[in-house]
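Inside the fold
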Amino acid sequence: MDMRKLFSLEGRTALVAGGAYGIGFAMAEALAGAGAKIAFNCRSQSNLDKALADYAAKGIDARGYIADVTDEGQVAELVAKIEAELGGVDILVNNAGIIKRIPMTEMSAEDFRQVVDIDLVGPFICAKAAIPGMLKKGHGKIINICSMMSELGRETVSAYAASRWRFAGRRGMLRGLLLPAIAAAVLEQKEMSSQVIG
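In this report, we go over the structure that sits alongside the text. (Residues numbered from 1 in each chain as written. Predicted model: local features only at pLDDT ≥ 70, side-chain atom pairs only at ≥ 80, totals over all residues. Heavy atoms only, no water.)

When its secondary structure is counted, the protein shows 6 helices and 6 strands. The buried share of the protein, taken over its 198 residues, is 46%. Sequence-distant contacts in the protein: of pairs separated by 6 or more residues, those separated by 24 or more amount to 73%. Roughly 9,700 Å² of accessible area belongs to the protein as shown, and the carbon and sulfur atoms make up 55% of that amount. (Helix = DSSP H or I, 4+ residues; strand = E, 2+ residues; numbered from the N terminus. Buried < 20%, exposed > 50% of the residue type's maximum accessible area, 1.4 Å probe, protein only. Contact = heavy atoms within 4.5 Å. Areas by Shrake-Rupley, 256 points an atom, 1.4 Å probe, with all protein chains shown as cover.)

This brings us to helix H1 (residues 22-33). With 12 residues, H1 extends 17 Å between its outermost C-alpha atoms, agreeing within 8% with the 16 Å of an ideal straight helix rising 1.5 Å per residue. Along H1, the residues that are buried comprise Gly24, Phe25, Met27, Ala28, Leu31 and Ala32. Projected down its long axis, H1 shows its buried positions confined to an angular sector of 165 degrees, all on one face. Note on H1: the residue one or two positions beyond its end, glycine 35, has a positive phi of about 105 degrees. (Expected span 1.5 Å × (residues − 1). Arc of directions from axis to C-beta.)

This next bit is on the environment of leucine 6. Turning to its location among the elements, leucine 6 is positioned in the segment before strand E1 (13-17). Classification of leucine 6 as exposed rests on a relative accessible area of 56%. Here the alpha-carbon distance between leucine 6 and alanine 34, two residues 28 residues apart in the chain, equals 8.4 Å.

One can find asparagine 41 in strand E2 (residues 37-42). Here asparagine 41 falls in the buried class, since its relative accessible area comes to 3%. At a separation of 3.1 Å, a polar atom in the side chain of asparagine 41 contacts the main-chain amide nitrogen of glycine 18. A distance of 2.9 Å separates the side chain of asparagine 41 from the backbone oxygen of alanine 67, its partner in a polar contact. Aside from chain neighbours lying at most four places away, what touches asparagine 41 is Val16, Ala17, Gly18, Gly19, Tyr65, Ala67, Val69 and Leu78. (Polar contact = N/O pair within 3.5 Å; in protein donor to acceptor, adjacent residues only side chain to side chain.)

As a general feature of sheets, a regular strand has side chains that alternate between the two faces. Inspection of the sheet shows E2 paired to strand E3 (residues 63-66) by 4 bridges, in the parallel sense. Looking at E3, one finds that asparagine 41 is bridged to tyrosine 65. Note that the unit made of E2, helix H2 (residues 45-57) and E3 has a crossover that is right-handed. (Pairing = 2+ DSSP bridges. Right-handed = clockwise from strand over helix to strand, strands pointing away.)

One recurring pattern in soluble globular proteins: nonpolar side chains tend to sit buried together. Grouped together as the largest cluster of nonpolar side chains are 25 residues, with contacts concentrated most on Leu15, Ile82, Val89 and Leu92. The set of elements that each furnish at least two residues to this core consists of E1, helix H3 (72-86) and helix H4 (109-137). When residues no more than four places from it in sequence are discounted, the contact partners of isoleucine 82 are Thr13, Leu15, Ala39, Tyr65, Gly87, Gly88 and Val89. Core analysis: the next-biggest nonpolar cluster, separate from the first, contains 23 residues, Ala14, Ala20, Leu31 and Ala36 among them. (Core = buried A, V, L, I, M, F, W, Y, C linked by side-chain atoms within 4.5 Å.)

This part takes up the packing of H3 against H4. Orientation of H3 relative to H4, taken along the N-to-C sense of each, is 40 degrees, at an axis distance of 9 Å. Comparing the axis directions of H3 and H4 gives the class oblique. Crossing of H3 over H4 shows right-handed handedness. Contacts between H3 and H4 involve Glu72, Val75 and Val79 from the former and Ile125, Cys126, Lys128, Ala129 and Ala130 from the latter. Among the residues making up the contact of H3 with H4, the classes are represented as 6 nonpolar, no polar and 2 charged. (Axes fitted to C-alpha atoms, helices over the stretch in contact; angles between N-to-C directions. Parallel < 35°, antiparallel > 145°, perpendicular 65-115°, else oblique. Left-handed = near helix turned anticlockwise from the far one by under 90°. Nonpolar A, V, L, I, M, F, W, Y, C, P; charged D, E, K, R; others polar.)

What follows is about the pairing of E2. For E2, the buried fraction is high: 5 of the 6 residues fall into the buried class. The sheet contact formed by E1 and E2 spans 5 bridges and is parallel. In the sheet register, alanine 14 faces E2, and the bridge partner there is isoleucine 38. In terms of handedness, the path from E1 via H1 over to E2 forms a crossover that is right-handed.

Scope: geometric values only; no functional claims are made or implied.
In structure tokens, the structure reads:
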């Protein structure tokens, strides 16, 4: 089905955080099918090169950037580049994430912090960087990818479940801050494989 017959995102730019592969890539492909220009980030040149080839194979002219979502400076630079090259971020998909399947009693605080930094702090940093441009335009969409683990939990995913639970709660804060110019939503996904981050 031609997505553009349902609705059009022509003239809009979507930044898919962690859009090099997996769920992020699939969402970017769908957004491109509706006419959006696609920008994505990942943390390594090898993932970037492979992702650009995968997008090209799908007929999508995506722009890829190296940026760590936990680094405010890198994310600010990413958003500035997208504004200069593509006209700014109209849609932000907070998809980048990581999971470590380690029982809580065996997990180090360092591993716990890494999961929380990427899964909870990272989306905050990305939204913080994208929101000013959206407010200036008078419109925007922020899509936060969550997980059923935020409600169910499991003994081997304590950090992931905690960060996703807090992440889901942020939608209320975003609504209060942004409406009516910007819409924020949380999409909940079913359980996935251990390799999540883009």
